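The lines below spell out each chain.
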Amino acid sequence: MKNIIFAITLVLFTSCSLAPFNATNSGRSLGNGNVATEFGNANSNYFMKASAGITEDLDLGYVMEFGEFSTSALLAKYSFLNNDTGPSVAGELSYGSSETTSFYSVGAIGSIAFNEAFEVFANVRFNSVSTDETDIEIGDSVGNIEVEKEEMTYLYGAVGFNIWFNKSNGLSLYNIYIQGDGVNADPQSSVGGAFLFKF
């Protein structure tokens, strides 16, 4: 049984074809010792994300997307402006690789929490992906994105809001925009959403 769990975990951590489409939905950090999970759908792909507050301003995490394609990434977010209410700003990095594909992204997140229950956000990322036909072929579509090259560089943007029903449970909804070299988005935007949980 332990070997089966290890094998499944290894597949999840090494699966990779494109950078994840889910949004980072707050410029605020989780805070030291706090944990958060998300379950949702972004650009027709399901995802699960888990993050932990390592310090008051630094979060580390892992995300896995599956459905039309499979990918996973290690995540880091650092909040430069970190407020429970009002504006917050953070930078983020992500990285994923397999034997045939690798990608990284660098981005920024700005958000404004009007109170404990409502927050709006914008997330922008630069993505660089190098893949081959083992993972995804030219002409394949993922949601509204058609792959045109094996080497892709593109901008990702997401704008949306979070609603918190209480301190532990919430909902995030957003629009996704992708533009760049090696990908074609038609229609230009897609949607994403997630159930949010904090511990």
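What counts and what doesn't
Residues numbered from 1 in each chain as written. Predicted model: local features only at pLDDT ≥ 70, side-chain atom pairs only at ≥ 80, totals over all residues. Heavy atoms only, no water. Helix = DSSP H or I, 4+ residues; strand = E, 2+ residues; numbered from the N terminus. Rg over C-alpha atoms; globule rule 2.2 N^0.38 Å. Buried < 20%, exposed > 50% of the residue type's maximum accessible area, 1.4 Å probe, protein only. Contact = heavy atoms within 4.5 Å. Areas by Shrake-Rupley, 256 points an atom, 1.4 Å probe, with all protein chains shown as cover. Pairing = 2+ DSSP bridges. Axes fitted to C-alpha atoms, helices over the stretch in contact; angles between N-to-C directions. Core = buried A, V, L, I, M, F, W, Y, C linked by side-chain atoms within 4.5 Å. Salt bridge = Lys/Arg side-chain N within 4 Å of Asp/Glu carboxyl O. Patch = residues over 30% accessible without salt bridge, like charges linked within 9 Å, V, L, I, M, F, W, Y side chains within 5 Å. Lys, Arg positive; Asp, Glu negative; His and termini not counted. Charge placed at Lys NZ, Arg CZ, Asp CG, Glu CD.

1. Observations regarding the overall build of the protein chain
Then step 1. Counting its regular elements, the protein chain contains one helix and 13 strands.
Then step 2. Starting at the N terminus and ending at the C terminus, the protein chain contains elements arranged as α-β-β-β-β-β-β-β-β-β-β-β-β-β.
Then step 3. Taken over the C-alpha trace, the protein chain has a radius of gyration of 16 Å; the compact-globule value for 199 residues is 16 Å, and the two agree within 12%.
Then step 4. Seen through its C-alpha atoms, the protein chain measures out along the principal axes to roughly 45 × 45 × 25 Å.
Then step 5. Put simply, the protein chain has 199 residues, and 45% of those count as buried.
Then step 6. At a minimum sequence separation of 6, the contacts of the protein chain that also span at least 24 residues come to 55%.
Then step 7. Total accessible area computed for the protein chain in this model is approximately 9,900 Å², and 62% of it derives from carbon and sulfur atoms.

2. Examining the sheet that holds strand β3 (residues 58-67)
Then step 1. The strand order β1-β2-β3-β4-β5-β6-β7-β10-β11-β13 describes a closed barrel built from 10 strands, whose pairing is antiparallel. Sheet twist, expressed as the mean angle between neighbouring strand axes with direction ignored, is 20 degrees.
Then step 2. With 12 bridges connecting them, strand β5 (residues 86-97) and strand β6 (residues 102-113) associate as antiparallel partners. Across the sheet, S97 pairs through a bridge with S102, a residue of β6.

3. Considering the environment of E99
Then step 1. Within the fold, E99 resides in the loop between β5 and β6.
Then step 2. Residues E99 and A36 lie 63 residues apart in sequence; the distance between their C-alpha atoms is 30 Å.

4. Notes on the pairing of strand β1 (residues 35-42)
Then step 1. Inspection of the sheet shows β1 paired to strand β2 (residues 45-53) by eight bridges, in the antiparallel sense. What sits directly across from E38, in β2, is K49.
Then step 2. Linking β1 back to β2 in an antiparallel pair, the connection comprises two residues, with N43 at a positive phi of about 55 degrees.

5. Things to note about the sheet that holds strand β12 (residues 183-185)
Then step 1. Taken in spatial order, the three strands line up as β8-β9-β12 in an open sheet, and their pairing is antiparallel. Two strands bound the open sheet, and with one partner strand each, they are β8 (141-142) and β12.

6. Quick notes on the nonpolar core
Then step 1. Ranked by internal contacts, the top residues of the largest apolar core, which has 28 residues, are L18, F21, Y174 and I178.
Then step 2. Counting only elements with at least two residues in this core, the list comes to β7 (118-130), β9 (145-147), β10 (151-164), β11 (169-181), β12 and β13 (189-198).
Then step 3. Per-element tally for this core: the top contributor is β10, with five residues.

7. Focus on the pairing of β13
Then step 1. Sheet analysis places β1 next to β13, joined by seven bridges and oriented antiparallel. Looking at the pairing, A42 lines up with G192 of β13.
Then step 2. Pairing analysis gives nine bridges linking β11 to β13, with the strands arranged antiparallel. Each residue of the ladder has a partner; that of Y174, found in β13, is G192.

8. Overview of the pattern of salt bridges
Then step 1. Summed over all chains, the structure comprises four salt bridges.
Then step 2. The salt bridge involving K77 is made with D59; its shortest N-O contact spans 4.0 Å. Linking K77 in strand β4 (residues 71-81) with D59 in strand β3, this pair joins segments that are 18 residues apart in sequence. Across the pair, exposure class does not vary: K77 and D59 are buried alike.
Then step 3. A salt bridge links K149 to D181, with the shortest nitrogen-to-oxygen separation between them at 2.9 Å. With K149 in the loop between β9 and β10 and D181 in strand β11, this pair connects stretches of sequence that are 32 residues apart.

9. Observations concerning a negative patch on the surface
Then step 1. Among the surface-exposed residues, E133, E137, D140, E146, E148 and D186 lie close enough to one another that they form a single negatively charged patch.
Then step 2. By the secondary structure assignment, E148 is in the loop between β9 and β10.
Then step 3. On the basis of relative accessibility, which here comes to 40%, the residue E148 falls in the partly exposed class.

In short, shape yes, function no, at least from these values alone.
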